Structure formats: C-alpha cells, structure tokens
Amino acid sequence: MIITRTGEIIDYFLRENGVVVQDGEFSICLEYNAEQYAQYARIRKLKNLLNESDYKALKFSDGALTEEEYAPVREQRRAWRAEINEIEETFSEPTITREEMDAAEAAALKNYERARNGH
C-alpha cells in the first residue's frame, strides 16, 4: 500500500516529488520541501546535460574531435559535475521517525477500512 505521511492512500508517487520509504507492506512517500525539490531538479537537469554531451566525449575518445574542439566541452562538463557535487553536499532526503511512520500506517489502515466499508 502506498501512503503519505498523513496516512492518505495514493495510487502512485513520482520520484521527482520526494523519496519512498519501504516499511513492510507500506510504502510511505515523503515529499520534498521547496528547497529539496529545487536541488533535486537542478541535479537532474545537470545530469541530463552530461548525458546529452556524452556523444562528444565519445567522439573525442575515438579521435573524431581534436583537443581544441573538445576543450570547451570538457570544461563545461567539469563545471556541471562540480555543481552536482556542491549541491549533493547539502542535499538531504526527507526523513520520518518511527513514531511518525507508525502513525501514518495506523491512519492509512483506518482510511482503508472506511473506504472498504463505503464510508
């Protein structure tokens, strides 16, 4: 069962919204706050830029680009990796205590029973 911190039962949860914590039969979805979401989104964007420029790195390693042609690409990739590392130093996933987890699971079971009984 996939639930939120408040015990709401949900059908799905997108990774970009936060992190999922497994606890037995429950998957508890912890949403990012605004700062965490911005950091996660920036890291994802930078990694996409690195992936998109991989073909140039391969062309260089195959000898299809000269050192002069590849130098600006190398420098940009270095800057992207440095920014990722900088963000990751301060980035922290949302957390939940055992007590909060137990409360969310109890609320979810109540919500499930209410829904099953048509209330």
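Reading the values: the criteria
- Residues numbered from 1 in each chain as written.
- Predicted model: local features only at pLDDT ≥ 70, side-chain atom pairs only at ≥ 80, totals over all residues.
- Heavy atoms only, no water.
- Helix = DSSP H or I, 4+ residues; strand = E, 2+ residues; numbered from the N terminus.
- Expected span 1.5 Å × (residues − 1).
- Buried < 20%, exposed > 50% of the residue type's maximum accessible area, 1.4 Å probe, protein only.
- Contact = heavy atoms within 4.5 Å.
- Bend = angle between axes of the 7 residues up to and from the residue.
- Polar contact = N/O pair within 3.5 Å; in protein donor to acceptor, adjacent residues only side chain to side chain.
- Core = buried A, V, L, I, M, F, W, Y, C linked by side-chain atoms within 4.5 Å.
- Pairing = 2+ DSSP bridges.
- Axes fitted to C-alpha atoms, helices over the stretch in contact; angles between N-to-C directions.

**Student:** Before we go on, may I ask you to explain helix 2 (residues 67-90) in this structure?
**Tutor:** One turn of the α-helix equals 3.6 residues, which is why residues spaced by three or four share an orientation. The end-to-end C-alpha distance of helix 2 is 34 Å, a good match for the 34 Å that 24 residues give at a rise of 1.5 Å each. Residues Tyr70, Val73, Arg77, Trp80, Ile84 and Ile87 constitute the buried set of helix 2. Elements that come into contact with the buried residues of helix 2 comprise helix 1 (34-61).

**Student:** Can you help me understand helix 1 in this one?
**Tutor:** Across its 28 residues, helix 1 extends 40 Å between first and last C-alpha, which sits within 8% of the 40 Å expected from 1.5 Å per residue. The largest bend along helix 1 reaches roughly 40° and is located at serine 53. Within helix 1, burial applies to Gln36, Gln39, Tyr40, Ile43, Leu46, Leu50, Ser53 and Ala57. Lining the buried residues of helix 1 we find strand 3 (26-31) and helix 2. For helix 1, the capping residue at the N-terminal end is asparagine 33, with a side-chain oxygen 3.1 Å from the backbone nitrogen of glutamate 35. The positive-phi residue at the C-terminal boundary of helix 1 is glycine 63, with phi of around 85°.

**Student:** Looking at this model, I keep getting lost on the nonpolar core. Mind explaining?
**Tutor:** It is characteristic of soluble globular proteins that their nonpolar side chains tend to be buried jointly. Within the largest apolar cluster, nine residues are counted, these being Ile3, Val19, Phe26, Ile28, Leu30, Ile96, Met101, Ala104 and Ala108. Contributing elements (two or more residues each) for this core: strand 3 and helix 3 (98-116). Once you skip the residues sitting within four places of it in the chain, isoleucine 96 turns out to touch Arg5, Ile28, Leu30 and Met101. Counting residues in each nonpolar core, the second largest holds six residues, with Leu50, Trp80, Ile84 and Ile87 among its members.

**Student:** Help me out: how do you make sense of the pairing of strand 2 (residues 18-23) in this one?
**Tutor:** Looking down a regular strand, the side chains alternate between one sheet face and the other. In terms of strand pairing, strand 2 meets strand 3 through six bridges, oriented antiparallel. Across the sheet, residue glutamine 22 finds its bridge partner in strand 3, namely serine 27. What sits between strand 2 and strand 3 in their antiparallel hairpin is a turn of two residues, with glycine 24 showing a positive phi close to 65°.

**Student:** When you look at the environment of leucine 49 in this model, what are you seeing that I'm missing?
**Tutor:** Position of leucine 49 relative to the elements: it lies in helix 1. With a relative accessible area of 23%, leucine 49 lands in the partly exposed category. As for leucine 49 and arginine 77, which are separated by 28 residues in sequence, their C-alpha atoms are 8.3 Å apart.

**Student:** What is the right way to read the side chain of glutamine 39 from this model?
**Tutor:** Structurally, the position occupied by glutamine 39 is in helix 1. Residue class for glutamine 39 comes out buried when judged on its relative accessible area of 12%. Those residues within four positions of glutamine 39 in sequence are excluded, and the remaining contacts are Ile87, Thr90 and Phe91.

**Student:** Could you clarify how one ought to interpret the sheet that holds strand 1 (residues 2-4) in this entry?
**Tutor:** Pairing between the strands of a sheet comes from backbone hydrogen bonds, and it takes one of two forms, parallel or antiparallel. Pairing is mixed across the open sheet formed by three strands, whose spatial order is 1-3-2. Lying at the two open borders of the sheet, with one neighbouring strand each, are strand 1 and strand 2. With strand direction ignored, the average angle separating the axes of adjacent strands in the sheet is 30°. One ladder, built from three bridges, connects strand 1 with strand 3; its direction is parallel. Within strand 3, the position partnered with isoleucine 3 by the bridge is isoleucine 28. Contacting strand 1, strand 2 and strand 3, helix 3 crosses the sheet at an angle of about 115° to strand 3.

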